[in-house]
Amino acid sequence: SQILLWKDCCSDCICLHITVSTALPTASVKIVNPQSLLYPGETVTLQCDISDYTDWTYRWFRDNHHLPSQTSKAIDITIPITQTGQAGQYRCEGLRTDRPQRSQPIVVVTISVTALPNSTLTVKPNPAFTGEKVTLKCSVTYDSSWNYQWYKDWNFNVVPQSVSHTITGDTLTISRAAESDQGQYWCEGNRVSRPTSSQPGDPVTLTVEGLPKATLTVEPNPVFPGETVTLTCSVESDSIWSYKWYKDRNDNVVSQSGRHTITGDTLTINGATVNEGPYWCQGERDSRPTSSSISDPVTITVNALPTALVKIVTPQGLLYPGETVTLRCDISDYTDWTYRWFRNNEEPPIQTRKTITISLPDQAGQYRCAGKRRDRPQKSCRSSALPIIITALPKTTLTVEPNPAFTGETVTLTCSVRSYSIWSYKWFKDRNDNVVSQSGYSDIGVSHISRADVSDQGQYWCEGNRVSRPTSSQPGDPVTLTVEDYQPKTTLTSDKENIFTGDRVTLSCTVESPGWKFYWYRHRPDSTPVTTTSGYSYTLSWVSVSDGGQYWCRAGRGDPVYYTLYSDPVQINITDQPQPVLSISSQWLNPGDSVTLSCEVDKTSIVWRFSWYRTVPYRAGLPSLSDKSYSLQPLSDNVTSEDSYTQIPAGPTPTGGYVCRAGRGDPVYDTFYSEPQFLWSGDLQPSASLTVNPNTTQHFTSKSLSLICELKGNSTGWRLKRHTETARRSECPSTWRSITESTCTITSLTTWHSGVFWCESGSGENSNAVNITVNDGDVILESPVHPVTEGDSVTLTCTFRHQGTNPKLKTDFYKDGTLIKNETTGEMTIPIVSKSDEGFYKCKSDEGESPESWVTVRVSPVVSPGSSTSVLVLVVVGLLVAGVLLVILLVLLVRYQNRKGETFEMYHLILLCLG
């Protein structure tokens, strides 16, 4: 086209002349993929090419029908699998917004579809028999290099590779055809290059026919052991077959042998004994089918032979010598038997009847029987052995009571047969024809000898007889009766000589033969018996003093009673339950000292065992004193056979009471507990201490005294305790007590207040003990309440009731009863106390004499050289020595201070000494 511009005569305008001569763009369709022939099922890609311009929107047409869903430049068209020949004409055109707004079609494409190649299936053989091999072969009439897929009955049932189906190339092999393999088969080829598949071939129907049936028969069945069995095999087809036999399993072929004979269609089994099988058979031949089916299995049943059983017809029960026995042979099932009998496995002659009769004891033994007959079964099994056992006749038993007997006694002879009942009895003496007596029928025969005599001595036996079996017994063993020509006497003894109240005593009465009852007498032998016992002993339990006296016994037996002579009397002396006496080797001990406890019961020879205890506050569950004021806690190694006990305390000796008790026999008889004895220590204890005010051991009557329990640590519940010579320990009376529980104040002392005082806790702990002496005279000795340590100084003061009238009297001091010093001051001082100063001290003057007081000296503790205390002592001593030297040097300095020129030198001398 051309556009022409020119200017006219008009000076202010431009004229345009447009000529249009351009054609619309052309749209052509081309096949992009695949090239060459097209096959059913393939996808074809078409492309629309438009010359010039861009921004096209595409419209597609098939056979001039618009395809609204296709708007792309390239589209995919899938050819139906069933399509062949012309598949349609395709064209396209483009649309756009700018000019030109559309194209025109110029090239139209026609889609032509070429049919897929055909596959052909062949099956051999067809029809087939079950078990045969079938080959299916597939071929495609188009080029080569195909893979094959196999189908059966419907399109989705692909035949897979399996044990019975083998696929190799173009061949499917069925190794052993079965009825389940019947059906329509077809195949299809597949490959990589186009065409990628073939058309499925026409289906071929495979027919599988069953093999001819083999039938197995057995005669006879069931069979009896030892019989011959015939098995016959036949095939329903009319041709000639040979046969194979199987037993138990398919691969176990029965071959010709001694028991198995094979002839044509027959297998013969000789001498069957037990159930056999299963058996089955199969036919074989050269033409198709080459074999028959396997027959149904048959089991040969071997029935047991009838059993024979031997029974005793008469008599029933035990068999005895001299009797006749009838035996019968019973055979289960069948009739017409002829019988065979065996004794000890030997067949006696002419015994063919069902019952036989034998005599005892000659024909006793093991019996069996069997039967035989003409029809099947022709024999029975031999029966089990029936032993014919002879039972010995029952034996009589003779008892003679009493035996030995004494003249005048009644003797009873009793005859019995242990088995069976209702016997009549005979008694014999010394010989078989000497029948002593005879009794009627009863279970037990009894004969009496009244007032036995020496002439009744001898051998006796008895024999039984009765109506029912067994009709007689064997004579029993003879019994010798002995008759003693005197009256026996009993002997009485006691198991204890010394008997205490609460104890038990056993009296024993012995006599020389058995079977006696015992009669016990007290005070007089001709009185009514105290008691009668079946045993020879009589025990008096928990005796009292009133049970004492003289005892006798005698024995009696039989009816009427025959008595022995009385025993000699035994005197039973019963005394009160003893109470042992406990003594302590030393009641006041220093720490670490041992103490020996001695427990004395009585001076008899009785063997006692001793128990040792320490007193503690009353506790439920522990043994206690009778008044329950204290409980008793066993010491270690509580029970000893010795009457002494040594205690070695690990620490300070504990203040407290000790008790002992003795026991003897089994069951144990115990004495009373002893009165408590006390062990005291004057040393202060770690748990509590007892102090007194005034601080002295001796006090005047009518004066006051305070005793204070000073508690230490966590100890609680303390109370003041006292022990005197005339009474056991007791608490401080309420009239003595001050406001505090730990203090006891006696406002007016009397001699009754003398004793040992200590403090005791609720748990049994004890303080030191203080021995207080209250004197109603005019002189007392004031001495330390607590032990004095070695090396200390101690002062003993002699004090007078009327001190004001003559304060300083001439006084003598004594130790352990010996005068040791005379003093005019009334005091005696021991400047350095040693262990030898320990002892009893007293003083004497014109006013009178004081009681004795014990002064305890505690050994001074040994200090080890390496201890901190020894170091401190050395330091102190060193400082004292240095101080003394310093004083001496200062004195020297003062004395020589006036000497010329010597002051300076002396000063340096002092420094030198100190340095």
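About the cut-offs
- Residues numbered from 1 in each chain as written.
- Predicted model: local features only at pLDDT ≥ 70, side-chain atom pairs only at ≥ 80, totals over all residues.
- Heavy atoms only, no water.
- Salt bridge = Lys/Arg side-chain N within 4 Å of Asp/Glu carboxyl O.
- Helix = DSSP H or I, 4+ residues; strand = E, 2+ residues; numbered from the N terminus.
- Buried < 20%, exposed > 50% of the residue type's maximum accessible area, 1.4 Å probe, protein only.
- Contact = heavy atoms within 4.5 Å.
- Disulfide = S-S within 2.5 Å.
- Core = buried A, V, L, I, M, F, W, Y, C linked by side-chain atoms within 4.5 Å.
- Polar contact = N/O pair within 3.5 Å; in protein donor to acceptor, adjacent residues only side chain to side chain.
- Phe/Tyr/Trp six-rings, centres within 6.5 Å; stacked < 30°, edge-to-face > 60°.
- Lys NZ or Arg CZ within 6 Å of the ring centre and 35° of its normal.
- Pairing = 2+ DSSP bridges.
- Axes fitted to C-alpha atoms, helices over the stretch in contact; angles between N-to-C directions.
- pLDDT = per-residue confidence, 0-100.

What follows is about the pattern of salt bridges. Tallied over the full model, the rule gives 33 salt bridges. Between arginine 288 and glutamate 132 there is a salt bridge whose closest N-O contact spans 2.4 Å. Of this pair, arginine 288 sits in the loop between strand 27 (276-284) and strand 28 (298-300) while glutamate 132 is found in the loop between strand 12 (128-129) and strand 13 (134-140), placing the two residues 156 residues apart along the sequence. Exposure remark for arginine 288: the relative accessible area of 41% places this residue in the partly exposed category.

What follows concerns the side chain of threonine 173. Along the chain, threonine 173 turns up in strand 17 (residues 171-174). Leave out the neighbours within four places in its chain, and threonine 173 touches Lys133, Val134, Ser164, His165 and Thr166.

Next up on the list: the state of the cysteines. Working definition of a disulfide: a covalent bond connecting the sulfur atoms of two cysteines. In the structure shown here, the tally under the stated rule is nine disulfides. Here cysteine 233 connects covalently by a disulfide to cysteine 281, the sulfurs 2.0 Å from one another. For the disulfide bridge between cysteine 233 and cysteine 281, the dihedral angle about the S-S bond is near 80 degrees, and by the sign convention the bridge is right-handed. Remark: cysteine 281 occurs in strand 27 and cysteine 233 occurs in strand 22 (residues 229-235); sequence separation between them is 48 residues. The two residues cysteine 233 and cysteine 281 agree in class, both being buried. Disulfide pairing is shown between cysteine 329 and cysteine 369; the S-S distance is 2.0 Å. Torsion about the S-S bond of the cysteine 329 and cysteine 369 cystine: about 80 degrees, corresponding to right-handed handedness. Of this pair, cysteine 329 sits in strand 30 (residues 324-331) while cysteine 369 sits in strand 33 (residues 366-372); the two residues are 40 residues apart in sequence, bridging distant segments of the chain.

Position of serine 72 among the secondary structure elements: in the loop between strand 6 (65-67) and strand 7 (74-78). If sequence neighbours within four positions are ignored, serine 72 has contacts with Tyr58 and Trp60.

This paragraph deals with the nonpolar core. Soluble globular proteins tend to pack their nonpolar side chains together in the buried interior. Core analysis: the biggest nonpolar cluster contains 20 residues, and Leu492, Leu507, Trp516, Phe518, Trp520, Leu540 and Ile572 have the highest contact counts within it. Mapped by element, the contributors of at least two residues to this core are strand 46 (505-510), strand 47 (517-522), strand 49 (537-540), strand 50 (549-557) and strand 52 (570-572). If we skip the residues at most four places from it in the chain, phenylalanine 518 touches Cys509, Val511, Thr531, Thr532, Thr533, Ser534, Gly535, Tyr536, Arg554 and Ala555.

The subject of this paragraph is the environment of aspartate 477. Positionally, aspartate 477 belongs in the loop between strand 41 (458-465) and strand 42 (479-481). Spatially, the C-alpha atoms of aspartate 477 and tryptophan 461 are 6.4 Å apart, while their sequence positions differ by 16 residues. Other than its neighbours up to four places away in sequence, aspartate 477 contacts Lys395, Thr396, Tyr460 and Trp461. Within the local environment of aspartate 477, its side chain forms a polar contact with the side chain of lysine 395, the two groups lying 2.9 Å apart.

This next bit is on the packing of aromatic side chains. Describing an aromatic ring pair means giving the distance of the ring centres and the angle of the ring planes. Per the stated rule, a full pass over the model turns up 22 aromatic pairs. Measuring from ring centre to ring centre gives 6.5 Å for tyrosine 246 and tryptophan 280, while their planes differ by 20 degrees; the resulting arrangement is stacked. One end of the pair, tyrosine 246, is in strand 23 (residues 242-247); the other, tryptophan 280, is in strand 27, and 34 residues separate them in sequence. A relative accessible area of 8% places tyrosine 246 in the buried class. Seen in terms of ring centroids, tryptophan 680 and tryptophan 758 are 6.2 Å apart; in terms of plane orientation they differ by 50 degrees. Their pairing is tilted. Placement of the pair is tryptophan 680 in the loop between strand 61 (677-679) and strand 62 (688-693) and tryptophan 758 in strand 68 (residues 755-760), with a sequence separation of 78 residues. The burial state of tryptophan 680 is the same as that of tryptophan 758; both residues are buried. Site record: aromatic cluster; members linked through ring pairs are Phe406, Tyr486, Trp516 and Tyr562. A cation sits over an aromatic face here: arginine 382 above phenylalanine 342, 3.8 Å from the ring centre. The side chain of arginine 554 reaches across the aromatic face of tyrosine 563, ending 3.9 Å from its centre.

Across the sheet, which stays open at both edges, the three strands sit in the order 35-37-40 with antiparallel pairing between neighbours. Strands at the two margins of the open sheet, each flanked by one partner only, are strand 35 (396-401) and strand 40 (444-449). This sheet shows a mean twist of 15 degrees between the axes of neighbouring strands, independent of strand direction. The pairing of strand 35 with strand 37 (residues 411-417) spans six bridges and is classified as antiparallel. If you follow glutamate 401 over to strand 37, its bridge partner there is threonine 412.

Overall, the prediction assigns the protein chain a mean pLDDT of 84, with 87% of residues at 70 or greater. The model gives residues 898-915 a pLDDT under 50, and that stretch makes 10 contacts with residues more than four places away or in other chains.

What follows deals with the environment of aspartate 547. Note on placement: aspartate 547 falls in the loop between strand 49 and strand 50. Here aspartate 547 is in contact with Arg522, Leu540 and Ile574, once residues within four sequence places are set aside.

The next point concerns the sheet that holds strand 19 (residues 204-206). The four strands are arranged 15-14-18-19 in an open sheet whose pairing can be described as antiparallel. For this open sheet the edge positions go to strand 15 (154-158) and strand 19, each flanked by a neighbour on one side alone. Each strand axis lies, on average, 45 degrees off the axis of its neighbour in the sheet, ignoring direction. Relative to strand 19, strand 18 (residues 183-190) is paired through three bridges, and the arrangement is antiparallel. Residue pairing across strands places glycine 183 opposite leucine 206, the latter belonging to strand 19.

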